[in-house]
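Examination of the molecular architecture
Chain by chain, the residues:
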Amino acid sequence: GALNFTTGSNMLNNLTLNTVTGGLTLASDLAVSGLMTLTSGSLSIVGRTLTLNPTSDVSASGTGTLTGSATSNLVVNTTGSLTGALRFATGANTLNNFVVNTGAGTGVTLGSDLGVSGLVTLTAGTLTLAGHTLTLNTAGNLSGTGIGTITGSTSSSIVVNTVGGLTGSLRFAA
């Protein structure tokens with residue numbers, strides 16, 4: 001099914017997805033202000049923007065995933081860290097733009113590999129790769145603004161497949 005909101009009314013407090021097969025498709029942009037729980041199934045943000053507002057969180061429980069595309073945007077604009085990792089469906093783990101803007105000492109953890117075809121903006125906070133790969137696709141770029149950092153591990157990778165150089169610098173957490 002599809003979830004469609006009237007312009008200006010595209011906000012929810014909590015969102016829980018628990019489907020046996022399939023999932024839910026956003027038919028309009030969505031902002032979540034409370035808890036997003038992906039118990040099972042996939043939340044498709046293809047062609048849409050999903051924004052996690054300042055008081056949002058992602059539940060650590062569940063096996064559900066996000067389905068992205070080269071036209072999807074994800075904005076994490078929270079004051080604290082996300083409890084759960086961002087998990088993307090296999091073969092649908094691409095975003096157009098990805099913004100990490102969390103409070104000081106907080107951040108976002110990847111729960112799967114992620115490719116970005118547009119702009120990665122690390123405004124504030126830390127993007128933790130947690131053994132996964134962050135790929136900047138052909139038109140991908142890294143914003144030159146922001147103070148956010150990246151944390152990797154011996155099993156994490158960053159792949160830069162861009163046509164030109166990056167606008168911003170890769171900053172790693174100390």
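This report concerns the structure included in the present document. (Residues numbered from 1 in each chain as written. Predicted model: local features only at pLDDT ≥ 70, side-chain atom pairs only at ≥ 80, totals over all residues. Heavy atoms only, no water.)

Topic: the side chain of Ser 59
Checked against the element boundaries, Ser 59 lands in the loop between β7 (57-58) and β8 (65-67). Within the structure, Ser 59 has its side chain in polar contact with the side chain of Ser 61 (distance 2.9 Å). (Helix = DSSP H or I, 4+ residues; strand = E, 2+ residues; numbered from the N terminus. Polar contact = N/O pair within 3.5 Å; in protein donor to acceptor, adjacent residues only side chain to side chain.)

With respect to empty space enclosed by the protein
Tallied over the full model, the rule gives 1 cavity of 30 Å³ or more. Around the largest cavity, the lining residues are Met 36, Leu 38, Val 58, Gly 64, Thr 65, Leu 66, Ala 85, Leu 86 and Arg 87. Listed by contribution, the elements that provide at least two residues to the lining of the largest cavity are β5 (35-44) and β8. For the lining of the largest cavity, a count of residues per class yields 6 nonpolar, 2 polar and 1 charged. (1 Å grid on protein atoms, 1.4 Å probe; cavity = no way out; pocket = protein on both sides within 12 Å on 5 of 7 lines; lining within 4 Å. Points joined across faces, edges and corners; volume = space filled by probe spheres on them. Nonpolar A, V, L, I, M, F, W, Y, C, P; charged D, E, K, R; others polar.)

Quick look at the environment of Leu 12
Along the polypeptide, Leu 12 turns up in strand β2 (residues 11-12). Sequence-wise, Leu 12 and Asn 53 are 41 residues apart; in three dimensions their C-alpha atoms are separated by 10.0 Å. Setting aside residues no more than four positions away along its own chain, Leu 12 makes contact with Leu 3, Phe 5, Leu 30, Ala 31, Val 32, Ser 33 and Gly 34. (Contact = heavy atoms within 4.5 Å.)

Here's the deal with the nonpolar core
Counting residues in hydrophobic clusters, the biggest one holds 35 residues, and the most contacted among them are Met 36, Leu 43, Leu 50, Leu 66, Leu 74, Leu 86 and Phe 98. If one sorts the elements of this core by residue count, strand β3 (residues 15-26) sits on top with 4 residues. Not counting the four nearest positions on each side in its chain, Leu 74 is found in contact with Leu 50, Leu 66, Leu 86, Phe 88, Leu 95, Asn 97, Phe 98 and Val 99. (Core = buried A, V, L, I, M, F, W, Y, C linked by side-chain atoms within 4.5 Å. Buried < 20%, exposed > 50% of the residue type's maximum accessible area, 1.4 Å probe, protein only.)

Topic: the sheet that holds strand β15 (residues 126-128)
Taken in spatial order, the 3 strands make up an open sheet running β12-β15-β18, and their pairing is parallel. One side of each edge strand has no neighbouring strand; the edge strands of this open sheet are β12 (107-109) and β18 (149-151). With strand direction ignored, the average angle separating the axes of adjacent strands in the sheet is 20°. Bridge count for β12 against β15 is 3 bridges, and the pairing is parallel. Its bridge partner lying in β15, Gly 107 is registered against Thr 126. (Pairing = 2+ DSSP bridges. Axes fitted to C-alpha atoms, helices over the stretch in contact; angles between N-to-C directions.)

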